[in-house]
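# Architecture and fold: a report
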Amino acid sequence: MKKTIILLTTLCATAFLYVSCSSDNNEQTSSTDLVPIGASVAVDTSNEMDVNTGLLITTSTSTTGKTAETAPGICATITVTTNGGNYPKVFLADFGTAGCEDGNKFTRKGKLKVTLSGPITETGSKMTIERIDYSINGIKLEGTIEYTNTITTPTVPQWTRKVTNGKLTDKQGAVYTNSGTYTTKQTAGVDTPLVLSDNVYEITEGTHTVTSSNGVTLTLTVKEPLIKKYSCLFISKGQLKVQGGILNGVIDYGNNDCDALYTYTHENGSSFNLSM
């Protein structure tokens, strides 16, 4: 049991959203082996958080006509630049160098630059999110997220989420680069485009990779569709297949509860109950 306690302490200290962990005893797995799992979930969660922020900023400020304001739930000052009132529109969310606490009690610093090529609900429109000296809870985040509307059926909106040059640097200085593409469909809230709280998204397919500074690369592929409610901070259901190094298993996000819990089960049957 002592080995497991050391393992979980290391894992919880490394991934930025971890607050508590528990696990079955597993003498075959070391802390070094499992740390990339936590880092990978943290990377994916931060990407989802920034997409949500981009959607909130562009939805709540694009219809007001104001050039600078604070969006509900966002502690940043938003500056809007348009092409004579037309697209593209650029939204700069400035959280400040000292940082501010958002509606989810996370401290954010730096800036997010969100460029909207057209209404995100229209086919072909793209929302591009760039991170500028940006961090969440002291974890530095870099890279670009492209969220492109690929709708083919009006009643089922669909987007691709592509991450390029992604990088997460944790509080201990460990670096995790990442990239990948997901396909996302909206399964609820379609009839209320200006209201985000009732939106539910389903990530149906896609793969992303996360590489640590020591060269270990994890590939995470959607095994069962991931359910992301806008009103929930974390993914609430679905599975990711994990492969890389000695890791070969499945991340399971649970039964659609709006909580921070998930499990990792290794191919040998060993299971770890974790919390973001």
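Residues numbered from 1 in each chain as written. Predicted model: local features only at pLDDT ≥ 70, side-chain atom pairs only at ≥ 80, totals over all residues. Heavy atoms only, no water.

The predicted coordinates of low-pLDDT regions are not to be read in fine detail. Of the residues in the chain, 83% reach a pLDDT of 70 or more, and the chain-wide mean stands at 84. Considering only residues more than four positions removed or in separate chains, one finds that residues 1-27, a stretch of pLDDT under 50, has 70 contacts. (pLDDT = per-residue confidence, 0-100. Contact = heavy atoms within 4.5 Å.)

In this section: the pattern of salt bridges. Here the idea is simple: oppositely charged side chains can pair when their charged atoms come close. One pass over the structure, following the stated rule, counts 7 salt bridges. R131 serves as the salt-bridge partner of D50, at 2.8 Å between the closest nitrogen and oxygen. Taken together, the residues D50 in helix 2 (residues 31-61) and R131 in strand 6 (residues 126-136) connect sequence positions 81 residues apart. (Salt bridge = Lys/Arg side-chain N within 4 Å of Asp/Glu carboxyl O. Helix = DSSP H or I, 4+ residues; strand = E, 2+ residues; numbered from the N terminus.)

Okay, the environment of K228 next. Inspection of the secondary structure assignment puts K228 in strand 11 (residues 217-229). Distance in space between the C-alpha atoms of K228 and V200 is 6.0 Å, their sequence separation being 28 residues. Once you skip the residues sitting within four places of it in the chain, K228 turns out to touch E48, N52, V200, Y201, L233, F234 and I235. Within the structure, K228 has its side chain in polar contact with the backbone oxygen of C232 (distance 2.6 Å). (Polar contact = N/O pair within 3.5 Å; in protein donor to acceptor, adjacent residues only side chain to side chain.)

To continue, consider the packing of aromatic side chains. Applying the stated criterion to the full structure yields 4 aromatic pairs. When the centroid spacing of 6.0 Å and the interplanar angle of 50° are considered together, the rings of F95 and Y134 count as tilted. Of this pair, F95 sits in strand 4 (residues 86-101) while Y134 sits in strand 6, and the two are 39 residues apart along the sequence. When sorted by exposure, F95 lands in the same class as Y134, which is buried. Ring geometry for W159 against Y201: centres 6.1 Å apart, planes inclined by 70°, an arrangement best described as edge-to-face. Here Y201 lies in strand 10 (residues 200-212) and W159 lies in strand 8 (residues 158-169), a separation of 42 residues in the sequence. (Phe/Tyr/Trp six-rings, centres within 6.5 Å; stacked < 30°, edge-to-face > 60°. Buried < 20%, exposed > 50% of the residue type's maximum accessible area, 1.4 Å probe, protein only.)

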